[in-house]
Amino acid sequence: MNVTDDAIVTLAECCRQLMRLNIGGCNQITDQSLAALGRHCRMLRSVNFSRTNVTDDGVISLVTGCCKQSLMEVHMSHCVHLTDESVEAVMEFCPRVSILLFDGCPCITERSREALEDLKSPDCKMKQVTWTIY
């Protein structure tokens, strides 16, 4: 699909009540799109940016932005540039996330699994997690 950062930036600026977005497989998407979503989309609950060209910087911009309290579902599978920093940022800044998918990310290590194990508590709302440790 030929969706670009320019399209997502415009969408984020004009549709501030956006709740769900699936841009998975749009290989022209970069950190610029996630930063715009983090800046403008306060009500964003679910985002899929699997198989895009985002990095940890983009994920951190998203999850520390205005949507951090509303995000419940993050799909970031098969993003080859993501590391444990992205997983840890989602877990640290997005308390309502209950679905976190990051399988097929070759730079994510055992450290993320250990961080997820630390979430074992009565308050943990995690329903689904998928990952691949390389």
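Preceding block: the structure.
What you see is a predicted model; the values in this text were computed from it and never measured. (Residues numbered from 1 in each chain as written. Predicted model: local features only at pLDDT ≥ 70, side-chain atom pairs only at ≥ 80, totals over all residues. Heavy atoms only, no water.)

Quick notes on the overall build of the chain
Secondary structure assignment for the chain yields five helices and five strands. Tracing the chain from N to C terminus, the helices and strands come up as α-β-α-β-α-β-α-β-α-β. Taking 14 Å as the expected radius of gyration for a compact globule of 134 residues, we find that the chain reaches 14 Å, a close match to that expectation. Its C-alpha atoms give the chain principal-axis dimensions of about 40 × 30 × 20 Å. Scored against the burial criterion, the 134 residues of the chain give a buried share of 44%. Here the chain has roughly 6,800 Å² of accessible surface; of this, 49% comes from carbon and sulfur atoms. Here the chain carries 13 positive and 17 negative side-chain charges, and the mean point of each set is 10 Å from the other. (Helix = DSSP H or I, 4+ residues; strand = E, 2+ residues; numbered from the N terminus. Rg over C-alpha atoms; globule rule 2.2 N^0.38 Å. Buried < 20%, exposed > 50% of the residue type's maximum accessible area, 1.4 Å probe, protein only. Areas by Shrake-Rupley, 256 points an atom, 1.4 Å probe, with all protein chains shown as cover. Lys, Arg positive; Asp, Glu negative; His and termini not counted. Charge placed at Lys NZ, Arg CZ, Asp CG, Glu CD.)

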